[in-house]
Amino acid sequence: MARQHARTLWYDRPKYVFMEFCVEDSTDVHVLIEDHRIVFSCKNADGVELYNEIEFYAKVNSKDSQDKRSGRSITCFVRKWKEKVAWPRLTKEDIKPVWLSVDFDNWRDWEGDEEVELAQVEHYAELLKKVSTKRPPPGMDDLDDDSDSADATSTRELPQDRKSQIAFAVSLSKPHPILCPRASARRPSRSEYCPLRLSVAPRAVQRARVPASRETAAMAFRCQRDSYAREFTTTVVSCRPAELETEGSNGKKEVLSGFQVVLEDTLLFPEGGGQPDDHGTINGISVLRVTRRGAQADHFTQTPLAPGTEVQVRVDWERRFDHMQQHSGQHLITAVADHLFGLKTTSWELGRLRSVIELDSPSVTIEQVAAIEQSVNEKIRDRLPVNVRELSLDDPEVEQVRGRGLPDDHAGPIRVVTIENVDANMCCGTHVSNLSDLQVIKILGIEKGKKNKTNLAFLAGNRVLKWMERSHGTEKALTALLKCGVEDHVEAVKKLQNSTKLLQKNNLNLLRDLAVHVAHSLRNSPDWGGVVTLHRKEGDSEFMNIIANEIGSEETLLFLTVGDEKGAGLFLLAGPAEAVETLGPRVAEVLEGKGAGKKGRFQGKATKMSGRAEAQALLQDYISTQSAEE
C-alpha cells in the first residue's frame, strides 16, 4: 500500500513553531527534527503508513526542540534559531501542500504572548500525562469532522483570561474522554458531529467580544432548537450557481445544475452526525440536498432565490420524524448496550430501510441482543424525557458526557442530548423530546462486521410498523401459495426445495442423455459435413458442450444454439481451431452477443437469435471459400 501524508496543522509563536500531525491511535512513530527540516512517519489505526517531510522556512534549533505524542496526534515544539522573527509560512518553498493547514484556532497576536507560549511548552507533557490516566474513550458519538479549510475568518472563541487560553489551546491535543470519532473518507466506519451554527466575523473582532456577545454567537439552527417545527419564515442571504451529483433512475450518476441557497436560519437539517439531510421546500421550491459549509447550511435548488427575499421553509415531516426516531433509538441502544454488557459503539449508519450500529466486539450473543431489546423498550414505556442542552467547554459536567472528540472547526458551546437517567451524549442531530415518541424498537439481528466488530441492525418507530405490514403481507401471500398455515410455511418450503433439487437432477440426466442421442444423430446424418447446425429452445451450455464432445470432429463446423428463436440465447461454434478463431467473433457480432473461446471452441451469449440464418450463411461462405482454394 502506498504511503500517505498525515494531515498537519501549524502555528507561529515568537520563540517556537508548533506543529501537530493529526493521527489517531498512531504506532511506529518516528520524528526527526534537524536544523532545516523535519521528517515524520508512523502508522495509523488502519495500518496505513504515513510520511511527511518538511523543509523549514528558516533555520531552527533542533537540539532545543521536542515532540509529544497523544492518542489523537503528535505535536512538535520547534525552537526558532532567530526568536521573535515571524514565519509567514512553514515551508521553505512558497507552495502549500494540500495536507498542510494553518491552525487559526491557536494563531494569536504576539503581543504579550511570551508567557503563554512558555507555559504551553513547559506544561504540555504534564497535561498529557494527566490525560493518559483517564478511562479509554467510549465508542459511538455523532461528532462531525466535516471540517472546512482554515481561513482568516474561522470562528473559534477563545477565553479572555490568559490562564484559560493556555488550558484551552493545549486541550486541543488531549485524548479527552468525551472525544468521539471523526468522519473521513479514509475511515468510513466513523461517525460525524455537526457543530453548532456560528456567526462569522474577523478574528480581531472576535478577540474583542464580551461574554454576552459570545453567548449569542453560538446558535443552533432552528431544526436543532426545535426538531418538531414543521415550517417557519426566514430570509435568503445568498444564492450562487452550483451543481449536484445524484444517482439517476437507471443507477448512473447524473449532474444537476442549480443553486446553493443560504438562509439566515434553516428548518432543514444538513447531513451530519451519521444522519442524512432533511428534504423540504423553500417557497414551494424543492430542496434536493442540504449540506453544512462552515457556519452555514447550503440548500440546493434548481430555481434561484433572490437575496433579501423573505421565504417560507417547510420540512418533509415524515422523513424528519423518521430520522428523529432512528437517531434517538440509536442513542438509546448504544447507552443500554454499554451499560448492560460494556459493548461500545464505534459507528452507526441511518439507512433507508434499516439502521446499523457497529459494536466494538467480535461477537454478541443472541441472549445479549434479547436483553438489550427488552431494556430499550422498557425505557420507551417509561416515557423518559429527552432534553437538549448546551454546555461550555470548561463545564465540569462535560466530563460525564459520552463522546470521543470534537471536530477541528467546532466553536462555542457543546450540544448535549440527554435521555433522563440513561445517557448524555454530544450530538448535532434532531431528536424526539420523549422516548414514548419512539413507539417501539425492534432489533433485527447481528452480522459480522469489519476488524473484529459486530453490526447490530435495528428499526425504530414507524419503521417497525411498516416492517410488520410487509411481513404480514408476505405471510398472507405464502399462505395462499403453500396452502398451509403460517406455522407450517418453513416446513412446506423445505419440502418444495427438496423436490425441486430432485427434479433438477433428473432433468439434467435426461438432458445429457438427449445430448448424446442428438450428437449421434447428427454424426450419422446424410447431411454431415461442411456446416452442421442445430437449434433447441430448451438447453444450456452443458447441453451444447456434450454434443460437441460426442461428435469430436475437427473437420466440420458445428454451430449450436439454444433459447428463444427471436430473442436471447446461447451459442457454441466448434470445429477446426483456425476457422473457429476467425469466425467466432464474427458470429457473436451477427447475433449481437459476446463470447470467448480457445482450442477449437467459441461460445457466448446472444441477444438476437433471429440472426442465426445470417450467421449460418457466414459459415457456409467461409467453407465454400476454403474448398475453392484447395
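Just so you know, these numbers come straight off a predicted model, no measurement behind them.

Rules used throughout
- Residue indices follow the written sequence of each chain, beginning from 1 at its first position.
- With the structure being a predicted model, the display of local features is reserved for residues of pLDDT at least 70 and the display and counting of side-chain atom pairs for 80 or more, all residues being used for whole-chain, interface and lining totals.
- Neither water nor hydrogens contribute to the side-chain values; these are computed over all heavy atoms in the structure.
- A run of DSSP states H or I qualifies as a helix once it reaches four residues; a run of E qualifies as a strand once it reaches two. Both are numbered from the N-terminal end.
- By the convention used here, residues are in contact when the closest approach between their heavy atoms is within 4.5 Å.
- Accessible surface area values rest on a Shrake-Rupley calculation with a 1.4 Å probe, where residue burial reflects the displayed protein chains alone.
- Fitted lines through C-alpha atoms give the axes, limited to the stretch in contact for helices. The angle between two N-to-C directions lies from 0 to 180 degrees.
- Comment on the angle field: the value is read as roughly parallel under 35 degrees, roughly antiparallel over 145, roughly perpendicular from 65 to 115, and oblique elsewhere.
- By definition, turning the near helix anticlockwise from the far helix through less than a right angle yields a left-handed crossing, and turning it clockwise yields a right-handed one.
- Classes in brief: Ala, Val, Leu, Ile, Met, Phe, Trp, Tyr, Cys and Pro nonpolar; Asp, Glu, Lys and Arg charged; the others, Gly included, polar.
- Salt-bridge detection follows one rule: a side-chain nitrogen of Lys or Arg within 4 Å of a carboxyl oxygen of Asp or Glu.
- Note on exposure labels: buried denotes an accessible area under 20% of the residue type's maximum, exposed denotes more than 50%, and partly exposed covers the range between, all computed with a 1.4 Å probe on protein chains only.
- DSSP bridges decide pairing: two strands pair if at least two such bridges lie between them.
- In a helix, the anticipated span is given by 1.5 Å times the number of residues less one.
- In this description, a nonpolar core means a group of buried Ala, Val, Leu, Ile, Met, Phe, Trp, Tyr and Cys residues linked to one another through side-chain atoms lying within 4.5 Å.
- The pLDDT value expresses, per residue, how confident the predictor is, ranging between 0 and 100.
- Definition of a polar contact: a pair of N or O atoms within 3.5 Å, with one able to donate and the other able to accept a hydrogen when the atoms are protein atoms, and with sequence-neighbouring residues admitted only if both atoms are side-chain atoms.

*Asks:* What should I look at first to understand the overall build of the chain in this one?
*Replies:* In terms of regular secondary structure, the chain is built from twelve helices and 29 strands. Long-range pairs, those at least 24 residues apart, make up 68% of the contacts in the chain between residues at least 6 apart in sequence. Roughly 31900 Å² of accessible area belongs to the chain as shown, and the carbon and sulfur atoms make up 50% of that amount.

*Asks:* Even after reading the chapter, I still don't get the packing of helix α9 (residues 489–523) against helix α10 (residues 541–551), so can you show me in this structure?
*Replies:* Helix-helix packing is characterised by the crossing angle of the two axes and by the distance between the axes. Look at α9 against α10: their axes get within 8 Å of each other, and the N-to-C directions meet at 40°. By the angle between their axes, α9 is oblique relative to α10. Crossing hand, α9 versus α10: right-handed. Residues Leu508, Leu511, Arg512, Leu514, Ala515, Val516, Val518, Ala519, His520, Leu522 and Arg523 of α9 pack against Glu542, Phe543, Ile546, Ile547, Glu550 and Ile551 of α10. In the contact of α9 with α10, the residues fall into twelve nonpolar, one polar and four charged.

*Asks:* Sorry, what's going on with the pattern of salt bridges here?
*Replies:* A side chain with one charge can pair with a side chain of the opposite charge if their charged atoms come near. All chains considered together, the criterion is met by 22 salt bridges. Notably, a salt bridge pairs Asp64 with Arg79, separated by 2.7 Å at the nearest N-O pair. Placement of the pair is Asp64 in strand β6 (residues 60–69) and Arg79 in strand β7 (residues 74–80), with a sequence separation of 15 residues. For Arg79, a relative accessible area of 17% translates into the label buried. Across the pair Arg319 and Asp277 runs a salt bridge, and its minimum N-O distance is 3.5 Å. Within this pair, whereas Arg319 is found in helix α6 (residues 317–341), its partner Asp277 is found in the loop between β12 (253–263) and β13 (280–282), the two being separated by 42 residues in sequence.

*Asks:* In this structure, what is going on with the sheet that holds strand β27 (residues 569–574)? I would like to understand it.
*Replies:* Spatially, the five strands line up as an open sheet ordered β25-β26-β27-β29-β28, and their pairing is mixed. Every interior strand has two partners, whereas the edge strands, β25 (531–536) and β28 (593–598), have only one. Each strand of the sheet is rotated relative to its neighbour by a mean of 15°, with strand direction disregarded. Sheet analysis places strand β26 (residues 557–563) next to β27, joined by six bridges and oriented antiparallel. In the sheet register, Val562 faces β27, and the bridge partner there is Leu570. Across the sheet, helix α12 (residues 612–629) touches β25, β26 and β27, and the angle it forms with β26 is around 175°.

*Asks:* Looking at this structure, how should I read helix α7 (residues 366–381)?
*Replies:* Taking 1.5 Å of rise per residue, the 16 residues of α7 would be expected to cover 22 Å, and the 23 Å separating its terminal C-alpha atoms lies within 8% of that figure. What α7 keeps buried is the set Gln368, Val369, Ile372, Glu373, Ser375, Val376, Asn377 and Ile380. Considering only its buried residues, α7 is in contact with α6 and β23 (441–448). Remark: Arg383 follows α7 within two positions and exhibits a positive phi of approximately 55°.

*Asks:* Explain the nonpolar core to me, please; I cannot follow it from the model alone.
*Replies:* Membership of the largest hydrophobic core comes to 30 residues, with the highest contact counts inside it found for Leu332, Ile333, Ile372, Leu435, Ile441 and Phe458. Contributing elements (two or more residues each) for this core: α6, β18 (345–350), β19 (355–359), α7, β21 (414–419), β23 and β24 (454–460). When residues in this core are grouped by element, the largest group, seven residues, is from α6. In this structure, Ile333 is in contact with Ile357, Ile372, Val376, Ile441, Leu456 and Phe458, ignoring residues within four places of it in sequence.

*Asks:* It is not clear to me how the confidence of the model for the chain should be interpreted in this structure. Could you clarify?
*Replies:* Do not read the predicted coordinates in detail wherever pLDDT is low. Of the residues in the chain, 79% have a pLDDT of 70 or more, and the chain-wide mean is 80. Note that pLDDT drops below 50 for residues 123–219; the model gives that stretch 278 contacts with residues more than four away or on any other chain.

*Asks:* Which parts of the structure should I look at to understand unusual backbone geometry?
*Replies:* Across residues other than glycine, the phi torsion is negative in most instances, and most of the peptide bonds are trans. Phi is positive for Lys84, close to 60°, though the residue is something other than glycine. Relative to the helices and strands, Lys84 resides in the loop between β7 and β8 (100–102). Even without being a glycine, Asn421 presents a positive backbone phi close to 65°. Looking at Asn421, the relative accessible area reads 77%, which means it is exposed.

*Asks:* Which parts of the structure should I look at to understand the side chain of Ser62?
*Replies:* By the secondary structure assignment, Ser62 is in strand β6. Here Asp35 takes part through its side chain, which lies 2.7 Å from a polar atom of the side chain of Ser62. Once you skip the residues sitting within four places of it in the chain, Ser62 turns out to touch Ile33, Glu34 and Asp35.

*Asks:* Got a minute to help me understand the environment of Pro270 in this structure?
*Replies:* By the element assignment, Pro270 lies in the loop between β12 and β13. For Pro270, a relative accessible area of 0% puts it in the buried group. Between the C-alpha atom of Pro270 and that of Ala297, which follows or precedes it by 27 residues, the distance is 6.4 Å.

*Asks:* Help me out: how do you make sense of the sheet that holds strand β3 (residues 27–33) in this one?
*Replies:* Adjacent strands of a sheet pair through backbone hydrogen bonds, lying either parallel or antiparallel. As summarised here, the arrangement of the three strands in space is β3-β4-β5, forming an open sheet in which the pairing is antiparallel. Two strands close off the open sheet at either side, each with one partner strand: β3 and β5 (49–55). Adjacent strand axes in the sheet meet at a mean angle of 5° when their direction is disregarded. The sheet contact formed by β3 and strand β4 (residues 37–43) spans five bridges and is antiparallel. When the sheet's bridge partners are listed, Thr27 is paired in β4 with Lys43.

*Asks:* Would you mind showing me how to read the packing of helix α8 (residues 462–482) against α9 here?
*Replies:* At a minimum axis distance of 11 Å, the contact between α8 and α9 shows a crossing angle of 50°. The pairing of α8 with α9 is recorded here as oblique in orientation. Two packed elements cross with a definite hand, and for α8 against α9 that hand is left-handed. Contacts between α8 and α9 involve Glu475, Leu478, Thr479 and Leu482 from the former and His489, Ala492, Val493 and Leu496 from the latter. Along the lines of polarity and charge, the residues of the contact of α8 with α9 split into five nonpolar, two polar and one charged.

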